[in-house]
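Chain by chain, the residues:
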Amino acid sequence: MATTKNPSRVECEDIIKRILMTEVLEKGRNEHFKNATDFMNYFQSLYPASDSLTKQVQRAVRNLNMPKDENGYFIINKTKPQMDQDKEISHMLKKTSASFESLEDCEKLFLAVEPTYKSYLLQLISESATFENTYVTIVDSSKGLIFYTRNKNNLGMLIDSLLR
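Computed from a predicted structure; not experimentally measured. (Residues numbered from 1 in each chain as written. Predicted model: local features only at pLDDT ≥ 70, side-chain atom pairs only at ≥ 80, totals over all residues. Heavy atoms only, no water.)

Caption draft 1: Up close: the overall build of the chain. Summing up its helical and strand segments, the chain has six helices and three strands in all. Relative to the compact-globule value of 15 Å for 164 residues, the chain shows a C-alpha radius of gyration of 28 Å, a clear excess of over 25%. Here the C-alpha coordinates of the chain stretch approximately 85 × 30 × 25 Å along the principal axes. By residue count, 30% of the 164 residues in the chain fall in the buried class. Long-range pairs, those at least 24 residues apart, make up 58% of the contacts in the chain with a sequence separation of at least 6. Just so you have it, the chain exposes about 11500 Å², and 50% of that area is on carbon and sulfur atoms. (Helix = DSSP H or I, 4+ residues; strand = E, 2+ residues; numbered from the N terminus. Rg over C-alpha atoms; globule rule 2.2 N^0.38 Å. Buried < 20%, exposed > 50% of the residue type's maximum accessible area, 1.4 Å probe, protein only. Contact = heavy atoms within 4.5 Å. Areas by Shrake-Rupley, 256 points an atom, 1.4 Å probe, with all protein chains shown as cover.)

Caption draft 2: Local environment of the packing of aromatic side chains. What the rule picks out here adds up to four aromatic pairs. One Lys or Arg, Lys-34, reaches over the ring of Tyr-73 and ends 4.8 Å from the middle of that ring. (Phe/Tyr/Trp six-rings, centres within 6.5 Å; stacked < 30°, edge-to-face > 60°. Lys NZ or Arg CZ within 6 Å of the ring centre and 35° of its normal.)

Caption draft 3: The packing of helix H1 (residues 9-27) against helix H3 (residues 51-64), seen in detail. Put simply, H1 and H3 touch, their axes get as near as 8 Å, and they point 70° apart. Relative to H3, the element H1 is oriented roughly perpendicular. Seen from above, H1 lies across H3 with right-handed handedness. Counted together, Arg-9, Cys-12, Glu-13, Ile-16 and Lys-17 of H1 and Gln-56, Val-57, Arg-59, Ala-60, Val-61, Asn-63 and Leu-64 of H3 form the full contact between these two elements. For the contact of H1 with H3, the residue count by class is six nonpolar, two polar and four charged. (Axes fitted to C-alpha atoms, helices over the stretch in contact; angles between N-to-C directions. Parallel < 35°, antiparallel > 145°, perpendicular 65-115°, else oblique. Left-handed = near helix turned anticlockwise from the far one by under 90°. Nonpolar A, V, L, I, M, F, W, Y, C, P; charged D, E, K, R; others polar.)

Caption draft 4: Broad picture of the pattern of salt bridges. Evaluation of the coordinates by the stated rule reveals nine salt bridges. Between Arg-150 and Asp-105 there is a salt bridge whose closest N-O contact spans 3.0 Å. Here Arg-150, found in the loop between strand E3 (144-149) and helix H6 (152-163), pairs with Asp-105, found in the loop between helix H4 (80-95) and strand E1 (107-112); they are 45 residues apart in sequence, far enough to count as distant. Each of Arg-29, Asp-69 and Glu-70 takes part in a single network of salt bridges with overlapping partners. (Salt bridge = Lys/Arg side-chain N within 4 Å of Asp/Glu carboxyl O.)

Caption draft 5: Spotlight on the sheet that holds E3. Sheet architecture is open: three strands sit in the order E1-E3-E2, paired in antiparallel fashion. Since the sheet does not close on itself, it has two edges, and those belong to E1 and strand E2 (137-140), each with one partner. The mean inter-strand angle of the sheet, taken between neighbouring strand axes irrespective of direction, is 25°. Here E2 runs beside E3; their pairing, made up of four bridges, is antiparallel. Bridge assignment links Val-139 to a residue of E3, and that residue is Ile-146. Against the sheet, H6 contacts E1 and E3, and its axis sits at roughly 15° relative to E1. (Pairing = 2+ DSSP bridges.)

Caption draft 6: Local environment of the environment of Glu-101. Among the secondary structure elements, Glu-101 is positioned in the loop between H4 and E1. Judged by relative accessible area, which is 49%, Glu-101 ranks as partly exposed. Through-space distance from the C-alpha of Glu-101 to that of Val-136 is 8.7 Å; in sequence the pair is 35 residues apart. Leaving out residues up to four positions away in the same chain, Glu-101 has contacts with Val-136 and Arg-150. Among the polar contacts listed, one links the side chain of Glu-101 to the side chain of Arg-150, at a separation of 2.9 Å. (Polar contact = N/O pair within 3.5 Å; in protein donor to acceptor, adjacent residues only side chain to side chain.)

Quick look at the structure:
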């Protein structure tokens, strides 16, 4: 890099992105950069300090339009629309009391169903007191329904009894 000429706004943007990506890769998140002045030590180590350099870095930061986390630090790997979407997802996960449930210990059971009636059957089974607690989830597939269950034999016998 030349040490006599200030970088362009685009060069500043690239440098800022690299700085923030390095920070995120090393520490897991940005913990140092909240505004354009936080980048100045780095730029002044490469270019002569001047008002034009400061303005160029400020323009680059403004043009990058990076969102900030709850502590005011720049977030490099997301856009503002992504942040808004993540906030909405977080809100809905909390509102619906969502939780993880592993399917590792589940067995799969496939029920071949005529496509015309598949959605209706899925709804009936989902609302059925008889099927309650017999499966973890049901997946609608192209040729039928896939059940994830912790007791494949019981669910199989229940479905078999209803098929007769």
